[in-house]
Every structure is written in structure tokens, then in C-alpha cells.
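So the chains spell out like this:
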Amino acid sequence: MPTEKAEAIVLRTTDYSDTSRIVALFTDQFGRISALAKGGRRLKSSFENSLDLLADCQIVFISKSSGLDLLTSSQLIGRFRPQPNDLNCLYAGYYVAELLLGLTEEYDPHPNLFQVTRETLSEFSQAGLVARAVLRFELAMLREIGQLPDFEVCMNCGSLLEGAKPSGFLLAESGLLCASCSGPDWRGPVMHGGTLRVLQMLSQEEGEVWRNLVLIPQQFREGRQLTTLSISHILGKQPKSLKLLMLSVG
Amino acid sequence: MPKPVEPAHHPYGPKVGALVERLASLPGIGGKTAERLAQHLLDCPKTEALAFARAITDVRAAVHPCPECFNLTENDLCDICRDPRREKHLVCIVEQPRDLLSLEATGIFPGLYHVLGGRISPLNGVGPDDLNLDALVKRVRDRGIQEVVMATNPNLEGDGTALYITNLLAEQPVKITRLARGIATGSVLEFANREMLADALRGRQAF
């Protein structure tokens, strides 16, 4: 039973017995883990009150071959502090936690997604644009789980998607169809060329281009339609916290 | 971990199996403890076991939420709401009746309470509609409440719930306060963590 160290973001805590807690954590090296924090509800424990939702912590845990891991200590790196008096930033944080819980597997590491999660939560804490940060996180999540559509090429004929004509989004295949392949009778969601370019830039793994990206309402609406439909399709239901979230640009 | 025995296939019969299953559904009770408790109920005098069963039946029949504050009571109104010495214009909001008991144990709060019945936690499927919020707004509006003290748990979801309520009461002429945060009495500054000290500095008060 090896002892491991990791940086982790708290995704969920559930009270267990009078003094303990079961914690779901998203770690940088191990992906999502579930661990028992014995004494985690006590004021004085080796967890220093760090096991709060979305808190960023340095943890030590014992990895178990079956059942829950055992969390032995946790130190707070930073608490998630949404913008004061802004419930939407708080709900956006809940949404991030819900997606990480629902769309990642235990012990499936996603170091890039961990970094994007940190940046996204930090964006919710500052005066950043929440709607853009949520969209970027959703795209990063879809990329990590292999469900991000190719924004440049038609999934059917392989031709480049033309900017002038809207492309059809085929949800079941998580891909885009050019105007010829989707045909004039296409009734599914459509994405305009500008939207595809914006989504392409937002979904880039590296760089800071996305921070200066200005989305017009149509691009944001179409982008959110793509991500929401994809995520709900994969989860088999609409995320619960999405109902509370009010996102818009412009 | 051994596979739990199906109630119908329990070695002592399905009735014992059903009892073990019920006991194991209680918080903090696992299969082995449930077996031990069931064994105790079979071993102890019959009158004791029946008294235990009757206590459960009685408590479920008699105890209900107070219609005013949602604390648990056996009467029409809970003891706190009926107490004429309580300040009627001061209301403290708590998540659970257990939190109310902890605050009451201090013996220094002179006002009334309002039990929410949880906190907003979308990840656990609890939304604003699941809490006793309509009754709170009505109470503040109709009973001339002058101060509401937020005593939700000092964590992200507790603070989020307090913020939601603050927005909900924004149009009411009521002062909204929250419990102080910071260093515990009897501790030493040297060993207080950064967050506690920051909270204490932010919430410093006139000496």
C-alpha cells in the first residue's frame, strides 16, 4: 500500500460517521480518487479544515487496491473564493466539480485538465468573464475524454469546413458535417464558420489566446449548444448545477 | 469484504435478516455492527427490546417540525418559539436542528431560530426549493424581524446558501449579520493558520 503525494482539488465531501469524511478529489498525477479522511470533520485534525468544496490542497494518501483510499493529511494551498456577492461564479464552480465527477474515471490522470481546472476556478475568483471560462473548460473536458469534434474537417467526406456555410453538428458521432453532407433538410444544431474558429481557439491546449477572445452572442450560443448537448449526451442527463447557472456574453 | 446476506437467506430466518438490513441502513452502521445489534436485541430481555421498538414508534408519531421555525418538537410550537422571554425580532438561521442545539448550548443567544433543513448543494441534488426559504421570507416580511443572523456552516456551500438568502431578503428592511470567524479563544497566534488570522483581522472589532 504505497503512500502518495499529490496536489488535489476537492470535488465532493460526504460526512461519514461522527468524525470522518469521504472525499472525492481531482489530483494532478492520479486523476480522480475517492478517499476516507478519518477525523476529517474534527476542527483539529491533520486536514487543517482544508477539505472544503473546490479547495486546492497538497495531500498525502495511502492508495488501496480495493475500496476507498486513505487520506492521511491535507494542507490548504488555496480556498475557492468566487467573486464576492456573485452567485453565478459559485454555481460555475459547482458545475466544474460536477463535470469532473461525472466525466472522469478514477485513477485516469489528466494533468492538462487539472491545470485548466485551476485556471478556470481562478478565473471565477477574479474579474474574468465567467461565461468564456466555462466554455473553455467544457471544451478542455471534451478534448480530454476524446469527445471534442474536429472543427476543421467534415467527419463524413473529410473536406474542409467552409466558413461561409453553416456546418451541422452530429451529436451521436460527436462530429461536424459540411453543408453538402448535412444537406438542405438538416434539422440538427448548426455551427457557423465564426463559431468554429472561436471554438478552435478556445480549445487550444496551450497559450493565452483565449483570454483576449471576444465572443459575440451567436458564437457563444452555438458553442454552448454544442458543449451542453455533448456533455448531457455523454452523462445521460443534464448536469444538475447547469440549471442554476446563468451564462451570457455581450 | 464479505458479501452481505440477503434478508430472505439469513441463517436465523428472514425476520432477523430484515432487522439486520434495517439496522445497516442507519448512518455509520455497517453490516457487522448491524448483525451485532440484532444479536443484542435477540439476547436482551423481551421487554427491553419492545421498549426500544416503542420508543421509535412514539418518536415518529409525536415529533414533527415546528411550523414556525422548523426545529423539532412534540408540541404545536417548539419550546424556543413559545418562550415569551425570547427576542422576537432577532432570528438566527441554521442548516439543521443539530446546529440549533449547539448554539443553544452556549446560552447567550436571546432570539429565535429558523432551520433551513439543509444547504444549497446542487452536487447532492439540493436546490433552493428544497429548503424552508419561502417560510423564512414570509416570516421576515410579516413578523417585523429586524435582524437575521446567518449561522450556516462556514464552508463554500454554507456561505453560498447565506449569499442566496441575503439576495432573497434584499428588499426587506432587515439587518443581515453572520457569525464571526477567526482565532479560537485559548489558542496562540503563533500556531493559528494563515486563514484564521486573515479572518480575524478582517473581522476585528472595537476594544
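Predicted model, so just to flag it, every value in this text is computed and none were measured.

### Things to note about the sheet that holds strand E5 (residues 147-150) of chain B
All names here are of chain B. Reading across the sheet, the four strands line up as E4-E3-E5-E6 and stay open at both edges, with parallel pairing between neighbours. Looking at strand neighbours, the two that pair on one side only are strand E4 (111-115) and strand E6 (175-178), the edges of this open sheet. Strand-to-strand twist of the sheet, defined as the mean angle between neighbouring strand axes without regard to direction, takes the value 25°. Here five bridges tie strand E3 (residues 87-94) to E4, and the two strands are oriented parallel to one another.

### Details of unusual backbone geometry
Residues and elements named next belong to chain A. Even without glycine at this site, Leu54 takes up a positive phi of about 65°. Relative to the assigned elements, Leu54 resides in the loop between strand E3 (31-37) and strand E4 (56-62). The phi angle at Ser174 is positive, at roughly 50°, despite the residue not being glycine. Residue placement: Ser174 occurs in the loop between strand E6 (167-170) and strand E7 (175-177).

### Some words on the sheet that holds strand E1 (residues 3-16) of chain A
Residues and elements named next belong to chain A. The mixed closed barrel is built from five strands, whose spatial order is E1-E2-E3-E5-E4. Each neighbouring strand pair of the sheet contributes to a mean axis angle of 50°, computed without reference to strand direction. Pairing of E1 with strand E2 (residues 20-27), which is carried by eight bridges, proceeds in the antiparallel orientation. Residue Val10 lies in a different strand from E2, and its bridge partner there is Leu25.

### Some points on the nonpolar core
Counting residues in each nonpolar core, the largest one holds 38 residues, and the members touching the most others are Leu11(A), Leu54(A), Leu100(A), Phe124(A) and Phe137(A). Breaking this core down by element, the ones donating at least two residues are E1, E2, helix H1 (87-103), helix H2 (111-125) and helix H3 (130-144) of chain A together with helix H7 (156-168) of chain B. At 13 residues, the largest contribution of residues to this core is made by H1(A). Core analysis: the next-biggest nonpolar cluster, separate from the first, contains 31 residues, Cys69(B), Cys78(B), Val94(B) and Val148(B) among them.

### With respect to the pattern of salt bridges
Counted according to the given criterion, the structure contains 21 salt bridges over all chains. Here Glu138(A) and Arg224(A) are joined by a salt bridge, their closest N and O atoms 2.4 Å apart. In this pair, Glu138(A) is assigned in helix H3 and Arg224(A) in helix H6 (residues 217-235), connecting sequence segments 86 residues apart. Of the two residues, Glu138(A) and Arg224(A), both sit in the buried class. Close ionic contact of Glu68(B) with Arg139(B) constitutes a salt bridge, the shortest N to O distance being 3.9 Å. Of this pair, Glu68(B) sits in the loop between strand E1 (64-65) and strand E2 (72-73) while Arg139(B) is found in helix H6 (residues 133-142), placing the two residues 71 residues apart along the sequence.

### Thoughts on the confidence of the model for chain B
All names here are of chain B. Per-residue pLDDT for chain B has a mean of 92; in total, 98% of the residues score no lower than 70. Highest mean pLDDT in chain B belongs to E4 (98); lowest belongs to helix H8 (residues 194-202) (86). Across the assembled chains, the prediction reports ipTM 0.86 with pTM 0.88.

### Focus: the side chain of Thr161(B)
You can see Thr161(B) is positioned in helix H7. Beyond its immediate chain neighbours, meaning those up to four positions away, Thr161(B) contacts Leu116(B), Arg119(B), Ile120(B) and Leu131(B).

Rules behind the numbers
Residues numbered from 1 in each chain as written. Chains lettered and ligands numbered in written order. Predicted model: local features only at pLDDT ≥ 70, side-chain atom pairs only at ≥ 80, totals over all residues. Heavy atoms only, no water. Pairing = 2+ DSSP bridges. Helix = DSSP H or I, 4+ residues; strand = E, 2+ residues; numbered from the N terminus. Axes fitted to C-alpha atoms, helices over the stretch in contact; angles between N-to-C directions. Core = buried A, V, L, I, M, F, W, Y, C linked by side-chain atoms within 4.5 Å. Buried < 20%, exposed > 50% of the residue type's maximum accessible area, 1.4 Å probe, protein only. Salt bridge = Lys/Arg side-chain N within 4 Å of Asp/Glu carboxyl O. pLDDT = per-residue confidence, 0-100. Contact = heavy atoms within 4.5 Å.

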